[in-house]
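Structural description and commentary
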Amino acid sequence: MKAQTIAEGVYCLHADIQTTDLFEGIWPIPDGVSLNAYVVRGEKTALIDLVRDWTGAPQQLADCLASIGLDFSRIDYLILNHLEPDHTGWLREFRKQNPGAEILATAKGINLVKTFYKVETGLRAVKDGDTLDLGGGKVLGFFETPNIHWPETMITWEPVSGTLFTCDAFGSFGTLGDRVFDDEFTETEHVFFEDEGLRYFANILSSFAVFVEKAVRKTAGLDIKIVAPSHGPVWRENPQKIIDRYLKYASWAGGPAEKKIAVIWGSMYGQTKEGVDAVIRGIEKEGIPYVVRRVPDENVSWVLTDAYRCSGIVLAMPTYEYAMFPPMSYVLDIFRRKHIYGKKVLRIGSWGWAGGAKKDYEAAIEALKWTSIESYEWPGSPTEEDLKMLEAKGAELARALKAE
Ligand code: FEO
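Anyway, here's the lowdown on the structure attached to this text. Note that the structure is predicted; figures quoted are calculated from it, not measured.

Focus: the sheet that holds strand β8 (residues 102–105)
If you walk across this open sheet you meet the seven strands as β1-β2-β5-β6-β7-β8-β9, and the pairing is mixed. Each having just a single partner strand, β1 (4–7) and β9 (123–125) make up the two edges of the open sheet. For this sheet the average axis-to-axis angle between neighbouring strands, irrespective of direction, equals 25°. For β8 and β9, the ladder comprises three bridges, and the chain directions are parallel. Note that in β9 the partner of Leu104 across the bridge is Arg124. Where helix α1 (residues 57–67) meets the sheet, it contacts β2 (10–17) and β5 (33–41), and its direction lies at approximately 150° from that of β2.

Considerations on the environment of Arg336
Positionally, Arg336 belongs in helix α10 (residues 326–337). Along the backbone, Arg336 and Thr121 are 215 residues apart, and their C-alpha atoms lie at a distance of 40 Å. Each residue touching Arg336, except ones within four places of it in the same chain, is listed here: Tyr341 and Leu368.

Some points on the side chain of Asp86
Relative to the elements of secondary structure, Asp86 occurs in helix α2 (residues 85–88). Here Asp86 is buried and forms no salt bridge, its nearest opposite-charge partner Arg52 lying at an N-O distance of 7.7 Å. Here His87 takes part through its side chain, which lies 3.1 Å from a polar atom of the side chain of Asp86.

Digging into the environment of Glu396
For Glu396, the location among the structural elements is in helix α12 (residues 384–402). The class of Glu396 is partly exposed, set by a relative accessible area of 35%. In this structure, the C-alpha to C-alpha distance between Glu396 and Asp133, residues 263 residues apart in sequence, is 61 Å.

Criteria and thresholds
- Residues numbered from 1 in each chain as written.
- Predicted model: local features only at pLDDT ≥ 70, side-chain atom pairs only at ≥ 80, totals over all residues.
- Heavy atoms only, no water.
- Pairing = 2+ DSSP bridges.
- Helix = DSSP H or I, 4+ residues; strand = E, 2+ residues; numbered from the N terminus.
- Axes fitted to C-alpha atoms, helices over the stretch in contact; angles between N-to-C directions.
- Contact = heavy atoms within 4.5 Å.
- Buried < 20%, exposed > 50% of the residue type's maximum accessible area, 1.4 Å probe, protein only.
- Lys, Arg positive; Asp, Glu negative; His and termini not counted.
- Salt bridge = Lys/Arg side-chain N within 4 Å of Asp/Glu carboxyl O.
- Polar contact = N/O pair within 3.5 Å; in protein donor to acceptor, adjacent residues only side chain to side chain.

What follows is the structure in structure tokens.
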């Protein structure tokens, strides 16, 4: 792997991670993820963000450094925009190889350097508006941008090239290979990064959507020519495209999103599934697009992404031992944690010897600020009358979206 030149003295390094491990221990990454870091060279050299020791990432970074005549021991400043271990996990080893480098982060970031890695010296806390003069005309600026994605996060700015180093903000799942810039990817690859970018946003950042908007406002006065995140492509041809895309995703938190319905269902023996089919017939009659996800067969990562992007949701689950079908309880717990607010929702489901899902469901969604179409439940297999009602419920939800 080689470093890619962004501008004179500004380089992108990255490690591609291909693994069956889950990102954050939760989210599948079947197409991998890139861990990007950056070098800015004046008279002194700064490395912005690091990697964790994951499928050879430190060696990939070392190879990139070697391609521009550097190694870890020649870094003067290590700037940590965000302390999550995907960007910092290798810090102790870096410290061993380079005991003299000064480590810069926000005050909260410095606390995490100490608690995560037990590094106590050579630390400098920076705050909004602080700068670091590397000499040779390279001066880095820092903007505190809390909660993208943890409270300690910041963004680093290099004004000569107009590069904004944003760490998690404007990132995406997916490996990069030997290209990193937006103008190097094909249309098909852009579709891939758009899909994986939305999944990344929904999985990692949806709870912090409001802070994405705040960060964009804070950096609005800068003449941004390049957006350089620490996951996914570097945006130099059209940096505004990824900023606008992220603002669109952030605007979906708590309010209308795409005029589309996510049909999320689980069924033990097919009786709830018959109801789902009837609801879909109703949605189709109204001409609203929909996407179907079955739980637990499909991973919650994609279920969450579709729930985030759609204004309407159908949740279909049978009663299981006097409560909700357990995989749906997990889905709703994730929705609560990820702030899947402000949706229009229809819940349906069958029950066997007794109900119970309804009560359990209503308690689970209390905090979600949803507009609910009245739930529909039936014992055992749905009757013709049940199926008619379910189709009408599907149509009612679709019309509610049309009226948004
Ligand atoms: Fe890529 Fe929140 O770490």
